[in-house]
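# Report on the structure
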Amino acid sequence: MACTSCSTSDGGAPKGCKNNGTCGTDSCNKLTVFDWLSNMSLPNGDAPFDCVEVRFKNGRKEFYRNTEKLTLSMGDIVATVASPGHDIGIVTLTGELVKIQMKKKGANPASNEIPKIYRKASQKDIDIWSAARDREEPMKVRARELAIAQKLEMKISDIEFQGDGSKATFYYTANDRIDFRALIKDFAKEFSTRIEMKQVGFRQEAARLGGIGSCGRELCCSTWLTDFRSVNTSAARYQQLSLNPQKLAGQCGKLKCCLNYELDTYMDALKHFPDFETKLVTEKGDAICQKQDIFKGLMWFAYTNNFANWHVLKIDQVKEIVAENKLKNKVSSLEDYAIELIVEPEKNFNNAMGQESLTRFDQPKAKKKPNKKRKPAGENVIVANNNKPANNNKLANNNNNKPANNNRQAPADKKPAEPRKPIIITKNVDKK
């Protein structure tokens with residue numbers, strides 16, 4: 001999950017996420033670079049590169065120039081230039097690798113517009129920073145209540161305080177343009193701080209919040225993906241995926257970014273295929289393509305008058321039939337070109353080494369028979385064939401009161417059954 005509130009311990013060392021106590025693969029260390037040049041000295045006594053990479057909340061990273069020539073290493077907490085005041089961040093990269101990172105992100109290392117680092121953060125700076133971070137969560141709840149009260153169609157997704165606590169940045173998502181001038185006045189009156197509103201997209205919001213995807217892994221946008229390209233439904237059609245919005249949409253509500261990962265491979269494979277709308281003309285009738293298998297190079301065709309029966313053809317055979325149709329020649333039938341698919345037998349688990357069954361936990365356990373309870377010890381124990389002991393007088397009276405049924409007559413050789421009498425068993429138990 002993405003980090004929502006990194007804070008520091010009393011000693012000044014960062015203690016990571018409050019979620020699980022670690023920032024291993026989430027957006028806290030998004031695209032973190034291992035400094036393998038840290039233990040190597042520069043040739044000819046050259047001075048190290050004077051820019052460092054500093055990380056802030058939710059993986060936001062900026063480059064700063066070390067004009068004071070401070071001895072910085074990864075993990076140091078520093079105070080940097082902000083507008084207004086100063087901000088607090090954690091150094092994530094130093095040395096020559098910063099120059100490579102700046103080139104990748106399009107930043108000019110020789111530019112004079114790069115902000116500078118003031119100093120290493122003192123204990124007072126860290127205490128103010130931690131106190132400001134603790135205010136973010138309850139402030140976010142109250143900000144959402146104020147936005148709902150004004151009936152604005154927007155969502156306050158996150159709040160980020162500046163290191164000195166003088167400014168709070170509200171990140172929000174909205175489908176349309178929002179007039180939040182009255183809302184800012186309410187925020188300033190409620191929170192007594194400088195307010196800045198920043199709109200982010202739904203994909204950026206999912207990257208900031210993080211989560212687990214349908215693949216069982218952390219979201220790509222919160223771990224390594226930085227450029228969000230547009231995804232169309234045509235990407236799903238080319239990959240022959242069912243157009244089910246519940247399966248194709250991610251946690252951001254948009255189409256999944258992973259639909260573009262293998263799209264180029266599918267597009268290259270489809271260049272060798274005939275068009276899906278290709279119609280084959282035969283003497284038995286016209287045939288239309290119903291299905292394609294890009295990996296095996298197969299196409300399924302069915303006659304227009306019989307869509308129930310499909311015929312499997314290789315793409316070379318389809319091209320051959322298309323070439324004949326272009327010459328205004330009809331082939332006899334698709335059966336002459338169709339191939340038979342051989343179904344491979346399923347590979348079952350072979351218990352050759354005497355291992356336990358893989359489905360041993362799937363079978364229901366046999367129910368245990370209830371143990372016979374011991375009879376309680378006592379002087380007299382009465383056991384009856386009925387659950388409740390019957391009274392002989394009541395039984396006799398009931399038999400006399402019942403009217404006789406003339407329709408039913410007992411056979412001559414058999415006597416009518418007598419009513420059962422309760423069996424009384426008496427046991428004498430010696431008391432010690």
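Because the structure is a prediction, the values reported are computed rather than measured.

### Considerations on the overall build of the chain
Broken down by element type, the chain carries eleven helices and twelve strands. Counting the 432 residues in the chain, one finds 34% classified as buried. In the chain, 61% of the contacts between residues at least 6 apart in sequence involve partners at least 24 apart. Accessible area of the chain: about 30500 Å², with a carbon and sulfur share of 50%.

### Brief notes about the confidence of the model for the chain
Counting all residues, the mean pLDDT for the chain is 79, and 75% of those residues have values of 70 or more. Note that residues 379-407 has pLDDT below 50 and, in this model, 26 contacts with residues that lie over four places away or in other chains.

### Digging into the layout of surface pockets
Estimates place the volume of the largest pocket at around 630 Å³. Lining the largest pocket are 23 residues, and of these Leu42, Pro48, Phe49, Thr94 and Gly95 sit closest to its centre. Considering only residue class, the lining of the largest pocket consists of eleven nonpolar, eight polar and four charged.

### Describing the packing of aromatic side chains
Where two aromatic rings form a pair, the distance of their centres and the angle of their planes describe that pair. Under the definition given, this model contains seven aromatic pairs. On the numbers, 6.1 Å between centres and 70 degrees between planes, the contact of Phe56 with Tyr64 is edge-to-face. The same class applies to Phe56 and to Tyr64, which are both buried. Between the aromatic rings of Phe170 and Phe187, the centroid separation amounts to 4.8 Å while the plane-to-plane angle is 15 degrees, which identifies the pairing as stacked. Of this pair, Phe170 sits in strand 7 (residues 167-173) while Phe187 sits in helix 4 (residues 181-191); the two residues are 17 residues apart in sequence, bridging distant segments of the chain. The exposure class assigned to Phe170 is buried, which follows from its relative accessible area of 0%. Here Phe187 falls in the buried class, since its relative accessible area comes to 0%. In textbook terms, an aromatic cluster arises when at least three aromatic residues are bridged by ring pairs, as seen for Phe170, Phe187 and Phe191. Looking at Lys291, its charged tip hangs above the ring of Trp300, at a distance of 4.7 Å from the centre.

### Brief notes about the side chain of Gln239
Mapped onto the secondary structure, Gln239 falls in the loop between helix 7 (233-238) and helix 8 (245-248). Under the relative-accessibility criterion, Gln239 is labelled buried at 11%. The residues contacting Gln239, other than those within four sequence positions of it, are Leu259, Leu263 and Tyr266.

### Observations regarding the side chain of Asn325
Relative to the helices and strands, Asn325 is located in helix 10 (residues 315-326). The exposure class of Asn325 is buried, given its relative accessible area of 18%. A polar side-chain atom of Asn325 sits 3.1 Å from the main-chain carbonyl oxygen of Val281. If we skip the residues at most four places from it in the chain, Asn325 touches Lys279, Leu280, Val281 and Lys330.

### As for the nonpolar core
The biggest cluster of nonpolar side chains holds 21 residues, and the ones touching the most others in it are Met154, Ile156, Phe170, Tyr172, Leu183, Phe187 and Met197. Counting residues per element, the ones that place at least two in this core are helix 3 (136-149), strand 6 (155-161), strand 7, helix 4 and strand 8 (194-199). Among the elements that make up this core, the one with the highest residue count is helix 3 (four residues). Ignoring anything within four residues of it in the chain, the contact list for Tyr172 reads Met154, Lys155, Ile156, Ser157, Phe180, Met197, Lys198, Gln199 and Val200. Within the second largest apolar cluster, 17 residues are counted, among which are Phe273, Leu280, Cys289 and Ile294.

About the cut-offs
- Residues numbered from 1 in each chain as written.
- Predicted model: local features only at pLDDT ≥ 70, side-chain atom pairs only at ≥ 80, totals over all residues.
- Heavy atoms only, no water.
- Helix = DSSP H or I, 4+ residues; strand = E, 2+ residues; numbered from the N terminus.
- Buried < 20%, exposed > 50% of the residue type's maximum accessible area, 1.4 Å probe, protein only.
- Contact = heavy atoms within 4.5 Å.
- Areas by Shrake-Rupley, 256 points an atom, 1.4 Å probe, with all protein chains shown as cover.
- pLDDT = per-residue confidence, 0-100.
- 1 Å grid on protein atoms, 1.4 Å probe; cavity = no way out; pocket = protein on both sides within 12 Å on 5 of 7 lines; lining within 4 Å.
- Points joined across faces, edges and corners; volume = space filled by probe spheres on them.
- Nonpolar A, V, L, I, M, F, W, Y, C, P; charged D, E, K, R; others polar.
- Phe/Tyr/Trp six-rings, centres within 6.5 Å; stacked < 30°, edge-to-face > 60°.
- Lys NZ or Arg CZ within 6 Å of the ring centre and 35° of its normal.
- Polar contact = N/O pair within 3.5 Å; in protein donor to acceptor, adjacent residues only side chain to side chain.
- Core = buried A, V, L, I, M, F, W, Y, C linked by side-chain atoms within 4.5 Å.

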